[in-house]
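Here is how the chains run, residue by residue.
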Amino acid sequence: MRAWGALLARELRLALRHPADSLAAVLFFVLVAALFPFGIGPAPEALARLAPGALLASALLAALLPLDRLFGADAEDGTLDQLLLSGLGAAAVALAKALAHWLVTGLPLLVATPIAGAMLNLAPEAWPAAMAALGLATGFLSLLGTAGAALTLGARRGGVLLPLLVLPLAIPAVIFGAAGIEAAAAGLPARPYLLLLGALLAAALPLAPLAAGAALRVE
């Protein structure tokens, strides 16, 4: 456990030294949300109706941006081989990468959610449900993306293949997350939809690192 914690701390230190990826993801999220009023017009009712799906789609696309480099730098300089030989296990290495990705990408997106929600005329009472839905959905995407990044490591045009692999699997998270935000905006309980999102995350938590670890061992 101590070695796994050291690996997670290393990943966070590297991310803090190069914060451009996190900043780019947040700016992408906010800018995509800002484009919707220009595309559909400033009518508050139309924006509020689109806000749940727009928030989820924008956040998931933004979280995808750093994923294609999740293992690339470590594979190029030999660090990945050393990690796999360190005794941690490939699945544990993948889990640390996934958690670090969520902490440096998913967490900043949660902070920016009220800004994007305000741009989309989302009711303020729905902001807590939106943040909870985005937190669960981006965590689910971090796990799926880690497996996808491991599968496409070393592939030609891996950055193009990665979204094609991950985004179809993330559709249930978009559906449940948007439904939860919409329910909260209408004054209904969002808990059933958030529980479904949590179930997706709980299912991916053991399976995605195992798949990523198997792909890394093959590489």
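Residues numbered from 1 in each chain as written. Predicted model: local features only at pLDDT ≥ 70, side-chain atom pairs only at ≥ 80, totals over all residues. Heavy atoms only, no water.

The name an unreviewed UniProt entry gives the protein is Heme exporter protein B, with Belnapia rosea as the organism. According to its UniProt record, the protein has this under Subcellular location (unreviewed entry): "Cell inner membrane". Listed in UniProt under the heading Function (unreviewed entry), the comment for the protein reads: "Required for the export of heme to the periplasm for the biogenesis of c-type cytochromes." (UniProt positions renumbered as here; feature names shortened; annotations may be inferred.)

Participant: Which parts of the structure should I look at to understand the confidence of the model for the protein?
Facilitator: Here the protein shows a mean pLDDT of 89. Residues at 70 or above account for 99%. The weakest mean pLDDT in the protein belongs to helix α4 (residues 72-77) at 80; the strongest belongs to helix α7 (residues 127-151) at 94. (pLDDT = per-residue confidence, 0-100. Helix = DSSP H or I, 4+ residues; strand = E, 2+ residues; numbered from the N terminus.)

Participant: What's the story with the pattern of salt bridges in this structure? I'm lost.
Facilitator: Opposite charge on two side chains allows them to pair when their charged atoms are near. Counting across every chain of the model gives three salt bridges. Overlapping salt bridges bring together R10, E11 and K97 as one network. (Salt bridge = Lys/Arg side-chain N within 4 Å of Asp/Glu carboxyl O.)

Participant: Just to check I follow, could you spell out the packing of helix α6 (residues 90-119) against helix α9 (residues 191-218) for this structure?
Facilitator: Each packed pair of helices is defined by two parameters, the angle between the axes and the distance between the axes. Running from N to C, α6 and α9 point in directions that differ by 120°, and their axes come no closer than 7 Å. Considering the relative orientation of α6 and α9, their crossing is right-handed. Across the interface between the two elements, A90, A91, A94 and L95 from α6 touch L205, P209, L210, A212, G213, L216 and R217 from α9. (Axes fitted to C-alpha atoms, helices over the stretch in contact; angles between N-to-C directions. Left-handed = near helix turned anticlockwise from the far one by under 90°. Contact = heavy atoms within 4.5 Å.)

Participant: Help me out: how do you make sense of the nonpolar core in this one?
Facilitator: One broad rule of soluble globular proteins: the nonpolar side chains tend to lie buried together. Core analysis: the biggest nonpolar cluster contains 55 residues, and F29, L55, F71 and L134 have the highest contact counts within it. For this core, the element with the highest residue contribution is α7, accounting for 12 residues. Excluding residues within four positions of it along the chain, F71 makes contact with L80, A94, K97, T146, A149, A150, L153 and L216. Core analysis: the second largest hydrophobic core is formed by eight residues, L8, L83, V93 and A96 among them. (Core = buried A, V, L, I, M, F, W, Y, C linked by side-chain atoms within 4.5 Å. Buried < 20%, exposed > 50% of the residue type's maximum accessible area, 1.4 Å probe, protein only.)

Participant: In this structure, what is going on with α6? I would like to understand it.
Facilitator: Three- or four-residue spacings in an α-helix give side chains the same orientation, since the helix completes a turn every 3.6 residues. With 30 residues, α6 should cover 44 Å at 1.5 Å per step; its first-to-last C-alpha distance of 42 Å lies within 8% of that length. The axis of α6 is deflected most strongly, by about 45°, at A112, and proline P114 appears within four residues downstream. Of the residues one or two after α6, N121 is the one with positive phi, at around 60°. (Expected span 1.5 Å × (residues − 1). Bend = angle between axes of the 7 residues up to and from the residue.)

Participant: Mind showing me how you'd approach the packing of helix α3 (residues 44-64) against α7 here?
Facilitator: Where α3 contacts α7, the two axes come as close as 10 Å, and the packing angle between them is 35°. Here α3 and α7 pass one another in a crossing that is right-handed. Contacts between α3 and α7 involve L55, L56, A59, L60, A63 and L64 on the former and, on the latter, A130, L134, A137, T138 and L141. Looking at side-chain class alone, the contact of α3 with α7 contains 10 nonpolar, one polar and no charged residues. (Nonpolar A, V, L, I, M, F, W, Y, C, P; charged D, E, K, R; others polar.)

Participant: Help me understand a nonpolar patch on the surface, please; the structure alone is not making it clear to me.
Facilitator: Judged by side-chain polarity, L23, L27 and L31 come together as a nonpolar surface patch covering roughly 310 Å² of accessible area. Along the polypeptide, L27 turns up in helix α2 (residues 20-40). (Patch = residues over 30% accessible without salt bridge, like charges linked within 9 Å, V, L, I, M, F, W, Y side chains within 5 Å. Areas by Shrake-Rupley, 256 points an atom, 1.4 Å probe, with all protein chains shown as cover.)

Participant: Please clarify how the UniProt feature "transmembrane region" (unreviewed entry) in the protein should be interpreted in this entry.
Facilitator: As recorded in UniProt, the feature "transmembrane region" (unreviewed entry) lies at residues 20-40, 46-71, 129-153, 160-181 and 193-216. Helix makes up 92% of residues 129-153 and strand 0%. Its end C-alpha atoms lie 35 Å apart.

Participant: Any chance you could explain the environment of A183 here in plain terms?
Facilitator: Within the element layout of this structure, A183 appears in helix α8 (residues 158-185). For A183, a relative accessible area of 8% corresponds to the buried category.

Participant: Explanation requested: unusual backbone geometry in the structure shown.
Facilitator: Most peptide bonds are trans, and most residues other than glycine sit at a negative phi. Phi angles above zero are rare outside glycine, and N121 is one such case at about 60°. Structurally, the position occupied by N121 is in the loop between α6 and α7. N121 gets classed as partly exposed once you look at its relative accessible area, which sits at 35%.

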